[in-house]
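Here is how the chains run, residue by residue.
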Amino acid sequence: MKTLNIGKDFSTDPIGRFRSDGNRSGETFREDFLKPAIKSLGPGEKLEIIIDDGIESYGSSFLSEGFGGMVKYGFIKSEELLAIIQITYSNEDFEFFKKKILEYIKKAKYNSKIYEPTKV
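The sections below set out a description of the structure shown in this document. Just so it is clear, the structure is predicted and the values come from calculations on it, not from any experiment.

## Focus: the nonpolar core
In this structure, Ile6, Leu34, Ile49, Ile51, Tyr58 and Phe67 are the most contacted members of the largest nonpolar core, which totals 28 residues. Here the element with the most residues in this core is helix H3 (residues 60–72); it accounts for five residues.

Take a look at the structure:
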């Protein structure tokens, strides 16, 4: 199992939807961290995503774009994404964010929008 630790590998203050919102955005996370991590997985391998290490909170726009965007822009179907990721945390307060991530992935419509990168 590979690991992606959002607080250590990406940012301790993830915020915003698009790159135009700053380099801690959901779009930046999805395109520069989550997609490459998923592409690097071998057959049958899973990706553990640690969501609470050094992070105080998440905005809905970050989670929606970062995780739901994987499905919405046609990178991967929601069922496939849910099968290969494992969201983990040690702080029980982060159960809420795990549920939101899973909700955004499940509600996203596969390939329903064309991805147009935002300008920085």
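## What to know about the sheet that holds strand E1 (residues 2–5)
Sheet strands line up and pair through hydrogen bonds in the backbone, either parallel or antiparallel. If you trace the three strands from one edge of the open sheet to the other, you get E1-E2-E3, paired in parallel fashion. Edge positions in the sheet fall to E1 and strand E3 (85–88), since each of these pairs with one other strand and no more. Each strand of the sheet is rotated relative to its neighbour by a mean of 25°, with strand direction disregarded. Alignment of E1 against strand E2 (residues 47–50), held across four bridges, turns out to be parallel. Its bridge partner lying in E2, Leu4 is registered against Ile49.

## Some words on the packing of aromatic side chains
Enumeration over the complete set of coordinates arrives at eleven aromatic pairs. Summarising the aromatic geometry, the rings of Tyr58 and Phe97 are spaced 5.4 Å apart at their centres and angled 65° between planes, so their arrangement reads as edge-to-face. You can see Tyr58 sitting in the loop between E2 and H3 and its partner Phe97 sitting in helix H5 (residues 95–107), a full 39 residues away along the chain. An identical accessibility class is assigned to Tyr58 and Phe97; each is buried. Seen in terms of ring centroids, Phe96 and Phe97 are 5.3 Å apart; in terms of plane orientation they differ by 75°. Their pairing is edge-to-face. Accessibility expressed as a relative area gives 10% for Phe97, which makes it buried. Against the face of Tyr115 rests Lys35, its NZ or CZ located 5.9 Å from the ring centre. Directly above the aromatic system of Tyr110 lies the positively charged group of Lys77, at a separation of 5.5 Å from the ring centroid.

Rules of the game
- Residues numbered from 1 in each chain as written.
- Predicted model: local features only at pLDDT ≥ 70, side-chain atom pairs only at ≥ 80, totals over all residues.
- Heavy atoms only, no water.
- Core = buried A, V, L, I, M, F, W, Y, C linked by side-chain atoms within 4.5 Å.
- Buried < 20%, exposed > 50% of the residue type's maximum accessible area, 1.4 Å probe, protein only.
- Helix = DSSP H or I, 4+ residues; strand = E, 2+ residues; numbered from the N terminus.
- Pairing = 2+ DSSP bridges.
- Axes fitted to C-alpha atoms, helices over the stretch in contact; angles between N-to-C directions.
- Phe/Tyr/Trp six-rings, centres within 6.5 Å; stacked < 30°, edge-to-face > 60°.
- Lys NZ or Arg CZ within 6 Å of the ring centre and 35° of its normal.

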